[in-house]
Amino acid sequence: MAAVIPDQLHDHHHGPTGLMRWITTTNHKDIGTMYMIFSFIMFLAGGVMALTIRAELFQPGLQVVEPELFNQLTTLHGLVMVFGAIMPAFVGFANWMIPMMIGASDMAFARMNNWSFWLLPPAAILLVGSFFVPGGATAAGWTLYPPLSIQMGMGMDMAIFAIHIMGISSIMGAINIVVTILNMRAPGMTMMKMPLFCWTWLITAYLLIAVMPVLAGAVTMLLTDRHFGTSFFNAAGGGDPVLYQHIFWFFGHPEVYIMILPAFGIVSQIIPTFARKPLFGYASMVYATSSIAILSFVVWAHHMFTTGMPVAGQLFFMYATMLIAVPTGVKVFNWIATMWRGSMTFETPMLWATGFIFVFTMGGFTGLICAIAPIDIQIHDTYYVVAHFHYVLVAGSLFSLYAGAYYWLPKWTGRMPDERIGKLHFWSSLIFFNITFFPMHFLGLAGMPRRVPDYALQFADFNMLATIGAFGFGLSQLIFLWVVIKAARGGGEKAAARSWEDAEGLEWTVPSPAPHHTFEEAPVVK
Amino acid sequence: MNGVSASVANVNAAIAHPEIDDTTPEGAQHSGGGGPTLPEAGRMTDPRRKRNIRTGLFFGAIAVAFYLVVIIKYKVFGS
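Worth saying up front: this structure is predicted, and the values here are computed from it rather than measured.

**Student:** Kindly report on helix 14 (residues 348-371) of chain A, identifying the contributing residues and their values.
**Tutor:** The end-to-end C-alpha distance of helix 14 of chain A is 34 Å, a good match for the 34 Å that 24 residues give at a rise of 1.5 Å each. Across the 24 residues of helix 14 of chain A, 17 count as buried, placing the element largely inside the fold.

**Student:** Can you lay out unusual backbone geometry for me, pointing to particular residues and giving the numbers?
**Tutor:** All names here are of chain A. Residue P147 is reached from P146 by a cis peptide bond, and omega for that bond is 10°. Secondary-structure assignment places P147 in the loop between helix 5 (120-129) and helix 6 (148-151). In this model, D381 sits at a positive phi of 60°, which is unusual for a non-glycine residue. One can find D381 in the loop between helix 15 (373-379) and helix 16 (383-413).

**Student:** Please give an account of the domain arrangement of chain A that cites residues and values.
**Tutor:** One widely used convention gives an interface's size as the accessible area the parts lose upon coming together. All names here are of chain A. Partitioning chain A into structural domains gives domain 1 (27-259) and domain 2 (262-516). Across the boundary between the two partners, domain 1 contributes 49 residues, which contact 50 residues of domain 2. Only helix 2 (28-56), helix 3 (67-102), helix 8 (196-227) and helix 9 (241-258) provide two or more residues apiece to the side of domain 1 that touches domain 2.

**Student:** Describe the confidence of the model for chain B, and please don't skip the residues or the numbers.
**Tutor:** Residues at a pLDDT of 70 or more form 39% of chain B, whose mean pLDDT is 62. Within the model, the stretch residues 1-42 of chain B combines pLDDT values under 50 with 103 contacts to residues more than four positions away or in other chains.

**Student:** Talk me through the nonpolar core; I want residue IDs and the actual numbers.
**Tutor:** Grouped together as the largest cluster of nonpolar side chains are 189 residues, with contacts concentrated most on L127 and A403 of chain A. Aside from chain neighbours lying at most four places away, what touches L127 of chain A is L76, L79, V80, M158, A159 and A162 of chain A.

**Student:** For the packing of helix 14 of chain A against helix 17 (residues 419-445) of chain A, give the residues involved together with the corresponding values.
**Tutor:** All names here are of chain A. The contact between helix 14 and helix 17 brings their axes to 10 Å, and the two run at 10°. With respect to their mutual orientation, helix 14 and helix 17 come out roughly parallel. From helix 14, T348, L351, W352, G355 and T366 reach across to helix 17, where they touch E419, G422, K423, F426, L430 and H441. Of the residues belonging to the contact of helix 14 with helix 17, the class tally is four nonpolar, five polar and two charged.

**Student:** Give me helix 4 (residues 110-118) of chain A: which residues, what numbers.
**Tutor:** Residues and elements named next belong to chain A. N113, N114, S116 and F117 are the residues of helix 4 that are buried. Projected down its long axis, helix 4 carries its buried residues within an arc of 160°, all on one side. Considering only its buried residues, helix 4 is in contact with helix 2, helix 3, helix 5 and helix 7 (154-183).

**Student:** Lay out the confidence of the model for chain A in plain terms, naming residues and giving numbers.
**Tutor:** Of all residues in chain A, 97% have pLDDT values of 70 or greater, and the mean over the chain is 95. Low confidence marks residues 1-8 of chain A, where pLDDT is under 50. Its contacts with residues over four positions away, or in another chain, come to 20 contacts.

**Student:** Any details on the packing of helix 17 of chain A against helix 18 (residues 460-488) of chain A? Residues and values, ideally.
**Tutor:** Residue and element names in this part refer to chain A. Where helix 17 contacts helix 18, the axes come no closer than 8 Å and their chain directions differ by 155°. Considering their axes alone, helix 17 and helix 18 lie roughly antiparallel with respect to each other. Here helix 17 and helix 18 pass one another in a crossing that is left-handed.

The rules behind the values
- Residues numbered from 1 in each chain as written.
- Chains lettered and ligands numbered in written order.
- Predicted model: local features only at pLDDT ≥ 70, side-chain atom pairs only at ≥ 80, totals over all residues.
- Helix = DSSP H or I, 4+ residues; strand = E, 2+ residues; numbered from the N terminus.
- Expected span 1.5 Å × (residues − 1).
- Buried ≥ 20, exposed ≤ 12 C-beta atoms within 10 Å, placed from the backbone.
- Domains from an automatic or database assignment.
- Contact = placed C-beta atoms within 7 Å.
- pLDDT = per-residue confidence, 0-100.
- Core = buried A, V, L, I, M, F, W, Y, C linked by C-beta atoms within 7 Å.
- Axes fitted to C-alpha atoms, helices over the stretch in contact; angles between N-to-C directions.
- Parallel < 35°, antiparallel > 145°, perpendicular 65-115°, else oblique.
- Nonpolar A, V, L, I, M, F, W, Y, C, P; charged D, E, K, R; others polar.
- Arc of directions from axis to C-beta.
- Left-handed = near helix turned anticlockwise from the far one by under 90°.

What follows is the structure in structure tokens.
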């Protein structure tokens with residue numbers, strides 16, 4: 001491995017300083033940082049909404065918010081977390097790490113990269129600002145189903161506009177990632193030598209390009225139904241509200257994988273490092289990721305079993321959904337096989353990664369249960385589904401984001417994360433996460449409907465428990481803020497270029513923190 | 001070891017040890033020195049620029065086509 005030549009480090013940027021630097025930057029690391037800060041702010045905003053929801057559900061009856069605001073909060077919580085927190089966070093990781101992992105100097109379209117990011121704050125303002133317009137924010141649920149979404153006030157239009165903007169941002173970001181990976185790899189970095197994080201993001205970017213325009217089309221049709229006299233989904237004019245559900249979920253199910261495939265990539269980077277073994281079954285991981293992506297296009301109607309569907313349709317979507325367990329199982333098997341007989345240590349990133357495997361797998365299992373049509377008809381729109389997708393999106397996406405953040409924090413800041421505080425963050429998050437969401441399985445099985453601010457008395461105990469867990473989980477996330485601020489301000493142990501003993505990959509060959517410009521001359525990978 | 005597992009093992013080995021050839025000028029400067037600054041590199045000097053634009057436009061066109069097809073399909077043929 002080549003040694004770094006300090007005289008040739010290029011650790012400064014050209015052009016404006018201060019605020020203008022961030023507004024005009026085309027540097028992938030700056031833009032990655034902005035994505036991550038933005039997503040964490042949105043995560044906190046979405047978290048406050050979640051805690052308000054949980055505060056209302058602490059006891060039966062109406063205590064904290066009006067039912068209208070409750071519905072707005074559930075809707076915006078979903079939209080903010082999906083489009084404002086999870087997706088931009090992964091794009092931030094992609095911006096920071098993909099060019100360094102493949103030996104590129106920057107993303108393929110550096111200026112478009114800047115624009116992709118700066119579209120997001122106006123969209124977020126539209127979304128969150130819609131609480132303050134007459135009629136309040138949209139309350140149709142994050143899926144924006146008609147007829148509700150056709151009837152709502154201007155908050156709905158703001159949400160539609162925000163989704164269009166965020167969609168454009170996502171598509172541009174995805175194109176940038178695809179082109180960077182296809183065209184900008186260093187000599188010798190063949191596709192099958194790429195780190196798995198790049199592979200999972202490449203496949204995710206294809207998914208984004210395929211499905212974000214479909215969502216944009218669906219919400220455009222909502223907009224024209226609302227204001228321009230069309231009747232795509234308006235039954236009064238001969239339209240079909242169920243058509244919207246088909247189009248939405250044709251986007252919505254691949255969207256689930258958009259939020260989880262990069263997580264698989266992050267975990268696949270971390271486990272080999274701390275097991276001190278190469279990743280087991282690299283090629284099968286690539287094929288499994290591709291299989292998951294392809295299958296994600298043919299399972300959408302499992303979200304719609306209760307809309308009424310021919311038995312043949314139910315069977316097709318049920319079995320197709322269950323089929324996804326096979327490539328997902330390959331991945332879980334490979335992670336465990338990588339750990340098998342490894343010299344494992346459990347630093348904070350590894351704790352998050354192993355925690356991810358345990359808890360995400362539970363979300364996967366409940367997904368299989370939801371896929372069974374006769375069972376789904378019973379548990380549809382209950383808290384069982386809420387529990388299921390939070391096990392996938394919090395324990396899956398969020399835990400992997402934390403795993404990645406602790407793993408690459410030394411590369412970003414030049415300082416090692418505080419292990420003691422990091423472990424406190426992990427254990428408190430894991431425990432409070434399960435206190436929050438595990439009881440929801442029982443609530444759902446007992447029939448508690450989602451998106452309702454009040455509930456029958458028999459659900460009181462589990463709801464109280466879930467609310468206590470939610471506040472504990474929310475407070476635990478502030479620990480992460482402390483870890484990041486400490487490292488960013490130069491606190492803690494100084495990080496070496498290869499910050500973790502057995503970390504492999506091009507990103508660990510550059511100093512920590514990574515210089516402003518890296519790989520301006522492409523490395524040659526043997 | 002059969003052929004398939006041998007090739008998997010090779011790939012794993014390559015991933016685990018991505019060596020940089022520091023005998024070449026490119027390898028020696030891999031940590032980021034000496035080359036053109038980003039604005040210069042991004043402007044016209046990168047020979048990959050044309051290929052990047054072509055690939056980007058291709059995927060952009062696919063995205064726009066998907067968007068239009070979804071709307072036009074249901075506008076023309078109904079639901």
